[in-house]
Amino acid sequence: TSENNQYNYESDWTSISLKELKKLRTSGISLDSKAIEDCIVNDQTFEWKGQKVIIYIKEQWGDKEYKYHISNCSTLVNMRIQGRFQRYVISNRSDGIFQVTRRNFSRQITNRNIEIPMDVCKNCLTGMMYHYPQKRNFFLYNQFDLQKFLNQYHTKINPLPQYNNNTVPDNE
């Protein structure tokens, strides 16, 4: 809606396809760094095409424990400054398990598209406590629940309809 609470049909929001929605919920979607920056909303979380998303590094080196990000935290700001922000992909997978490609330090791929569990970035949680001080306990590291976060902070745009023009049942 616009500032005077009138519906704005010229919104820049674009709808999400079923294919994109499936990729968000499974393997993630690669966007360029500018497009990821465009996903940052007022509370510093990420939204893409009406969906709340998180970001993580898909191509990982060694056995380091990588984290996923729920907000534009100091870690991400530093990655942008270092020119390393293009390494991230978006996802809204809610189980904390993400598809990654692992490389060794000789730059050889050791595992392609494997699923690994990741923890939330602590800097993201600190930032969220700042934006939502009344919900401090919700953003404690040992108690954080990604599923609950995505449910509670989900965007106001409803999920896609259950059917499309090819799958809608006949009215009887």
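Worth saying up front: this structure is predicted, and the values here are computed from it rather than measured.

A. Molecular detail of the sheet that holds strand β2 (residues 46-48). Pairing within the open sheet is antiparallel, and its four strands lie in the order β1-β6-β3-β2. Whereas interior strands pair on both sides, the edge strands pair on one side only; in this sheet they are β1 (29-30) and β2. Taken strand by strand, helix α1 (residues 18-25) contacts β1, β2, β3 (51-57) and β6 (88-91), and its axis lies near 50° from that of β3.

B. Spotlight on the pairing of strand β8 (residues 109-117). Pairing analysis gives six bridges linking strand β7 (residues 97-103) to β8, with the strands arranged antiparallel. Directly across from V100, in β8, lies its bridge partner I114. Where β7 hands over to β8, the hairpin turn is made up of five residues, of which R107 adopts a positive phi near 70°.

C. Seen up close, the pattern of salt bridges. If you walk through the whole model with that rule in mind, you get nine salt bridges. Note that R102 and D63 form a salt bridge whose closest N and O atoms lie 3.9 Å from each other. In this pair, R102 sits in strand β7 while D63 sits in the loop between β4 (59-61) and β5 (67-68), placing the two residues 39 residues apart along the sequence. Within this structure, R93, D95 and E115 form a network of salt bridges that share partners.

D. Representation of the pairing of β3 within the structure. Counting buried positions along β3 gives seven out of seven residues, so the element sits mostly inside the fold. The two faces of β3 match: Q51, V53, I55 and I57 on one face and K52, I54 and Y56 on the other face are all buried. Pairing of β2 with β3 involves three bridges; the strand directions are antiparallel. Bridged to W48 within β3 is Q51. The turn linking β2 back onto β3 is made up of two residues, and K49 within it adopts a positive phi angle of 50°. Pairing geometry for β3 and β6, over four bridges, is antiparallel. Counted as the bridge partner of Y56 is V89 from β6.

Cut-off values and rules
- Residues numbered from 1 in each chain as written.
- Predicted model: local features only at pLDDT ≥ 70, side-chain atom pairs only at ≥ 80, totals over all residues.
- Heavy atoms only, no water.
- Pairing = 2+ DSSP bridges.
- Helix = DSSP H or I, 4+ residues; strand = E, 2+ residues; numbered from the N terminus.
- Contact = heavy atoms within 4.5 Å.
- Axes fitted to C-alpha atoms, helices over the stretch in contact; angles between N-to-C directions.
- Salt bridge = Lys/Arg side-chain N within 4 Å of Asp/Glu carboxyl O.
- Buried < 20%, exposed > 50% of the residue type's maximum accessible area, 1.4 Å probe, protein only.

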